[in-house]
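Structural description and commentary
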Amino acid sequence: MYRVALCAGLSAVLAACSLGSSSISSGFAESTPPAATASVSKPHSAALGGEPGAARNIQLAKLDDKAPPGTYERAEPGILSDRDYSHTRLSSEMARDVINAYRKEHGLKPLKLNAELTEAAKNHSRDLAKWDRISHYGSDGSNPWDRVKRTGYKARLAAENVGTGQIDFNEVMKGWKESPGHNKNLLLPDAEQMGIALVQDPKTEFKSFWTLVLGSSM
């Protein structure tokens, strides 16, 4: 079993260990159902992105809606206000093709879009947008494995990459490829399917909330 969780900072202000300008990203992978723990790093305030920190215990998912628990990061007020998100869109098919082309370069099998993993990705992006934060912890205490299980997907492997603040998928993908933790998720040899989602909210500081979920079923 392995766990990966990395956070990157805001470029020019919190600088990105992995992403293009003005963005934050975080990656998480689980190969077996976890105990109520996950590894999450805290980004440096000045800029270097973080290495995985010590595991911390969290409660398993609850269904009530409350203030976000666990480890998360917020954007500084106005930090992305000069970016134009008017043309920000997501084509799931295009994202799949970009990811599969990258996997092919490394001799890996392509991923297929999966409705349950897409549902898990959408639910998490909506939750991140609601609370204007980046985290692998849902506002109900859930971790990525919890959210995949809720959809009915019977996973033997599940992995999650998250990004906030990016204008388009190419910017997201560039950051994920440049970050060891996120890149490891993109190139999981045993992954077979994926779901991806984008939620936008101009009233938030982060503006865009991207979630990629990869998995393979039992």
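Preceding this paragraph is the structure being described.
Moving on to the overall build of the protein. What the protein contains, in helices and strands, is five helices and eight strands. In the protein, the succession of α and β elements from N to C terminus is β-β-β-β-α-β-α-α-β-α-α-β-β. Of all 218 residues assigned to the protein, the portion counted as buried reaches 56%. For the protein, contacts bridging at least 24 residues in sequence account for 75% of all contacts bridging at least 6.

Structurally, Thr151 can be placed in the loop between helix H3 (144-150) and strand E6 (155-164). Once the C-alpha coordinates of Thr151 and Ala120 are considered, the two residues, 31 residues apart in sequence, prove to be 6.6 Å apart. For Thr151, the side chain forms a polar contact with the main-chain oxygen of Val148, separated by 2.7 Å.

So, on to the side chain of Gln166. Along the chain, Gln166 turns up in the loop between E6 and helix H4 (169-178). Within the structure, Gln166 has its side chain in polar contact with the backbone nitrogen of Thr164 (distance 3.1 Å).

In this section: the nonpolar core. Ile99, Phe169, Leu186 and Leu212 are the most contacted members of the largest nonpolar core, which totals 21 residues. Mapped by element, the contributors of at least two residues to this core are helix H1 (92-105), E6, H4, strand E7 (193-200) and strand E8 (208-217). A per-element tally of this core places H4 first, with four residues. Residues in contact with Phe169, not counting those within four places in the same chain, are Met94, Ala95, Val98, Ile99, Trp176, Ile196 and Trp210.

The next thing to look at is H1. Taking 1.5 Å of rise per residue, the 14 residues of H1 would be expected to cover 20 Å, and the 20 Å separating its terminal C-alpha atoms lies within 8% of that figure. In this fold, the buried residues of H1 make contact with H4, helix H5 (180-186), E7 and E8. Just downstream of H1, Gly107 is the residue with a positive phi angle, here 70°.

Residue position: Glu160 is located in strand E6. Glu160 sits in the buried class, given a relative accessible area of 1%. Of note is the side chain of Glu160, whose polar atom sits 2.4 Å from the side chain of His136. One polar contact links Glu160 to Arg147, side chain to side chain, over a distance of 2.9 Å.

Another aspect to go through is the pattern of salt bridges. If you walk through the whole model with that rule in mind, you get eight salt bridges. As a salt-bridge pair, Arg156 and Glu192 come within 3.3 Å of each other at their nearest N and O atoms. Taken together, the positions of Arg156 in strand E6 and Glu192 in the loop between H5 and E7 put the pair 36 residues apart, joining distant regions of the chain. We classify Arg156 as partly exposed; its relative accessible area is 34%. One salt-bridge network, in which partners are shared between bridges, spans Lys109, Arg156 and Glu192.

Thresholds applied
- Residues numbered from 1 in each chain as written.
- Predicted model: local features only at pLDDT ≥ 70, side-chain atom pairs only at ≥ 80, totals over all residues.
- Heavy atoms only, no water.
- Helix = DSSP H or I, 4+ residues; strand = E, 2+ residues; numbered from the N terminus.
- Buried < 20%, exposed > 50% of the residue type's maximum accessible area, 1.4 Å probe, protein only.
- Contact = heavy atoms within 4.5 Å.
- Polar contact = N/O pair within 3.5 Å; in protein donor to acceptor, adjacent residues only side chain to side chain.
- Core = buried A, V, L, I, M, F, W, Y, C linked by side-chain atoms within 4.5 Å.
- Expected span 1.5 Å × (residues − 1).
- Salt bridge = Lys/Arg side-chain N within 4 Å of Asp/Glu carboxyl O.

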